[in-house]
Amino acid sequence: MNNLRQKTFRAIQWSYVSFLTNLLLAPVFAAALARLLTREEFGLFAIGLSLYAVGQYLADFGIGAALVQKRDLTEEDIRAGFTSSLGLGLLATVLAWLAAPLAGRFFNNPDVVPLFRAFACLYVVASLAAVSTSLLRRALRFKPLVLADVSAYVIGQGVCGLGAAALGFGAYSLVISVGVQAVVQLAVSYAYGRHGFGLTFRPAAYRDLYAFGGRASLVSFLEFLSVNLDTFMIGRLYGAAALGLYNRGYNTVYAPMISLARSLTRVLAPSFSAVQHDRPRLRGAYLSGLLALSTVLFSAAAVVFVSAREIVLVLLGEPFLDAVPIVRMMALFIPFPVLSNLSAVLAEATAHLGAKLALQSVYLLGLAAAFWGVYRLGWGVVAFAGVLVVMGACRSAAYAVLARRILGGGGREIGRAYGLGLACGLSVGAVTFAAVSLLHAAGVSPWLIFVLEGLLGAALLLVLALFGPSPELRRYARPLARRAQDKVRGWLGAIGLPEKRV
């Protein structure tokens, strides 16, 4: 038990490294790209990336999740996973190449065709990394996974993507970024998670993997459609320029949350799977994680909501000023997908895929109906973001009910976690709003306000981590704070300042 807890704790620490790196670098890269690409190019890229993700689900088919979840993994299972990933990656490439003209007609945009075909060439590279990545996740070896993610992001997005955009490659600069990231992730993950390249074609070897992986892939695909349905509908109904504006406002807020959700999934899925038959430990792990996340997410959402105008001006520039209300809506949306993801990981780790599938199906249908209603009423893309907030809150509540059923109780504790998180968010929002109002009244520049908002938000989150309602946050934050204080004392001592000034 202690060994699993230590591994999970180390994994969570490394996942935070990945998340914080993305949180720090994403605004820098986004600010640079917003000044190199137009709204139309961002809209075209959003369409291409969403279409590329469709093929990724076929290329993976849940094999990665199955390798992580399977109780007793054999060498033949690994060979079957590798054979499947390779074959499905090739199949996805062929199908995407053939389907590209249909996609161009759907979006009424011929530029979609070559862009989608460029993305299609990346499926095999991405699928080859599936087995090594899954083996590392299964063993809770998240240091190499974080190294792969961070190095791929810095090299792919920061160097190659921005460089290609500066050279005038337009939307294709982001294709280059995605391709380089896939190659770097493959190289690093395989260097640490080596496995054989043997193939197997024995049907029995695929039975268990596909029995779980097929259902997991279907659920993941429904989740993907839920996340990308607005992209498909806005791209078809409103055009690439409107989609580009929406995409920038959406991703400015949502991309770091996606990073956090993925990090949590990779950490918690194998941890929950390992204790899926020990109900008290499983319940304790879920409830402590829920309270910690709720506290952080609602508070971060409040800071983003108050700071929306400065975020857009600094990161995107004046041409994207119309994205401010979209950023505010996405700030309200922030907590719900990640908290839902925690319950979804619980359902997947305990093999409750039927309930998860039903919930995602209902959510997707409700989302589609609401989006269509918004369009028929003649409302703009900001209303699409509003729909996400309402439907996201409903889905989060439904997943909380599902988690209570899986855990056999804990409904009061789940409600308390949401309530305390919301209270922390309102408090942080009130303090931030008061401070920002004074800065506006004093005529401080948006750039300086942006910096001060970030510092204030970080300080408030630190206070919540050290003294807030979550024992899990206090357990992690206080030792880190003590070590940081000791280092500061050492630095001050080295330069001859007395320690009492710390």
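Chains are numbered independently. Their residues run from 1 in the order of the written sequence. Where local features are concerned, this predicted model is filtered to residues with pLDDT of at least 70; where side-chain atom pairs are given and counted, the filter is 80 or more; whole-chain, interface and lining totals use all residues. Hydrogens and water are ignored here; the side-chain numbers use all heavy atoms of the structure.

**Things to note about helix α18 (residues 411-441)**
- Working definition: helices are DSSP H or I runs of at least four residues, strands are E runs of at least two. Numbering for both runs from the N terminus. Here a helix's expected span is defined as the number of its residues, less one, multiplied by 1.5 Å. Between its terminal C-alpha atoms α18 stretches 45 Å, which fits the 45 Å expected from 31 residues at 1.5 Å a residue.
- Relative accessibility under 20% of the residue-type maximum defines a buried residue, over 50% an exposed one, and the middle range a partly exposed one, all with a 1.4 Å probe and only protein chains included. Those residues of α18 not exposed but buried are Ile414, Ala417, Tyr418, Gly421, Cys424, Gly425, Val428, Gly429, Thr432 and Val436.
- In this analysis, two residues are considered to be in contact whenever any of their non-hydrogen atoms come within 4.5 Å of each other. For α18, the elements touching its buried residues are α12 (279-306), α15 (335-349), α17 (381-407) and α19 (446-467).
- Once α18 finishes, Gly443 follows within two positions and takes phi at roughly 75 degrees, a positive value.

**Description of a positive patch on the surface**
- For patch building, the residue pool is restricted to those with more than 30% relative accessible area and no salt bridge; the joining distance is 9 Å between like charges and 5 Å between nonpolar side chains (Val, Leu, Ile, Met, Phe, Trp, Tyr). Accessible surface area values rest on a Shrake-Rupley calculation with a 1.4 Å probe, where residue burial reflects the displayed protein chains alone. By definition, a salt bridge exists where a carboxyl oxygen of Asp or Glu is found within 4 Å of a side-chain nitrogen of Lys or Arg. Asp and Glu are treated as the negative residues and Lys and Arg as the positive ones, with His and the ends of the chain left uncounted. By convention, the charge on Lys lies at NZ, on Arg at CZ, on Asp at CG and on Glu at CD. Positive charge collects at one region of the surface, where Arg478, Arg482, Arg483 and Lys487 lie side by side.
- Along the chain, the position of Arg482 falls in helix α20 (residues 471-494).

**Quick look at the pattern of salt bridges**
- Evaluated as defined, the whole model comprises one salt bridge.
- Arg39 serves as the salt-bridge partner of Asp322, at 3.8 Å between the closest nitrogen and oxygen. Note that Asp322 is positioned in the loop between α13 (308-315) and α14 (324-333) and Arg39 in helix α2 (residues 39-60), a separation of 283 residues in sequence.

**Details of the packing of aromatic side chains**
- Ring pairs shown here join Phe, Tyr and Trp side chains whose ring centres sit within 6.5 Å, with only the six-membered ring taken for Trp; geometry is labelled stacked below 30 degrees between planes, edge-to-face above 60, and tilted in between. Within this structure, the stated rule accounts for 13 aromatic pairs.
- Centre to centre, the rings of Phe298 and Phe336 are 6.1 Å apart; their planes meet at 85 degrees, and the pair counts as edge-to-face. Note that Phe298 is positioned in helix α12 and Phe336 in helix α15, a separation of 38 residues in sequence.
- Among the aromatic residues, those joined into a ring-pair cluster are Tyr238, Phe371, Trp372, Tyr375 and Phe384.
- Just above the ring of Phe320 sits the side chain of Arg39; from NZ or CZ to the centre is 5.8 Å.
- When the ring centre of Tyr363 is taken as reference, the NZ or CZ atom of Arg395 above it lies at 4.3 Å. Two conditions define a charge located above a ring, namely a distance within 6 Å from the ring centre to NZ of Lys or CZ of Arg, and an angle within 35 degrees of the ring normal.

**Considerations on the packing of α14 against α15**
- With axes taken as lines fitted to C-alpha atoms, and helix axes fitted only over the stretch in contact, angles between N-to-C directions fall between 0 and 180 degrees. At a minimum axis separation of 5 Å, α14 and α15 run at an interaxial angle of 30 degrees. Classified by the angle between their axes, α14 and α15 sit roughly parallel to one another. Of the residues in α15, those touching α14 at Ala331, Leu332 and Phe333 are Pro335, Phe336 and Pro337.
- The class makeup of the residues in the contact of α14 with α15 is six nonpolar, no polar and no charged. Any angle between 65 and 115 degrees counts as roughly perpendicular, while under 35 counts as roughly parallel, over 145 as roughly antiparallel, and the rest as oblique. When residues are grouped by polarity, Ala, Val, Leu, Ile, Met, Phe, Trp, Tyr, Cys and Pro land in nonpolar, Asp, Glu, Lys and Arg in charged, and all others, Gly among them, in polar.

**Points about the confidence of the model for the protein**
- Per-residue confidence for the protein gives a mean pLDDT of 82, with 85% of residues at or over 70.
- How sure the predictor is of each residue is captured by pLDDT, a score from 0 to 100. Within the protein, the element-level pLDDT minimum falls on helix α1 (residues 2-34), averaging 66, and the maximum on α18, averaging 94.

**With respect to the environment of Val125**
- Examined against the element boundaries, Val125 turns out to sit in helix α6 (residues 123-128).
- Val125 sits 59 residues away from Val184 along the chain, and the two C-alpha atoms are 9.9 Å apart.
- What Val125 contacts, discounting residues up to four positions off in sequence, is Ala182, Val183 and Leu186.

**Observations concerning the environment of Leu313**
- Locating Leu313 in the fold gives a position in helix α13.
- Residues Leu313 and Phe450, 137 residues apart in the sequence, show an inter-C-alpha distance of 9.1 Å.
- The contacts of Leu313, once residues within four sequence positions are left out, are Arg35, Glu318, Leu321 and Pro446.

**Describing the nonpolar core**
- Take the buried residues of types Ala, Val, Leu, Ile, Met, Phe, Trp, Tyr and Cys, join any two whose side-chain atoms come within 4.5 Å, and each joined set is a nonpolar core. With 101 residues, the main nonpolar core has Tyr246, Tyr286, Met330 and Leu388 as its most contacted residues.
- A total of 13 residues in this core trace back to one element, the largest contributor, which is α17.
- Membership of the second largest hydrophobic core comes to ten residues, among which are Ala66, Ile78, Ala80 and Leu135.

**Section: unusual backbone geometry**
- The phi dihedral of Asn108 falls on the positive side, at around 55 degrees, and the residue is not glycine.
- Judged by its relative accessible area of 58%, Asn108 falls in the exposed class.

**A look at the packing of helix α4 (residues 75-106) against helix α7 (residues 130-138)**
- Look at α4 against α7: their axes get within 9 Å of each other, and the N-to-C directions meet at 140 degrees. One element, α4, and the other, α7, form an angle in the oblique class. For the pair formed by α4 and α7, the contact residues are Ile78, Gly81, Phe82 and Ser85 on the first element and Ala130, Val131 and Leu135 on the second.
- Classifying every residue of the contact of α4 with α7 gives five nonpolar, two polar and no charged.

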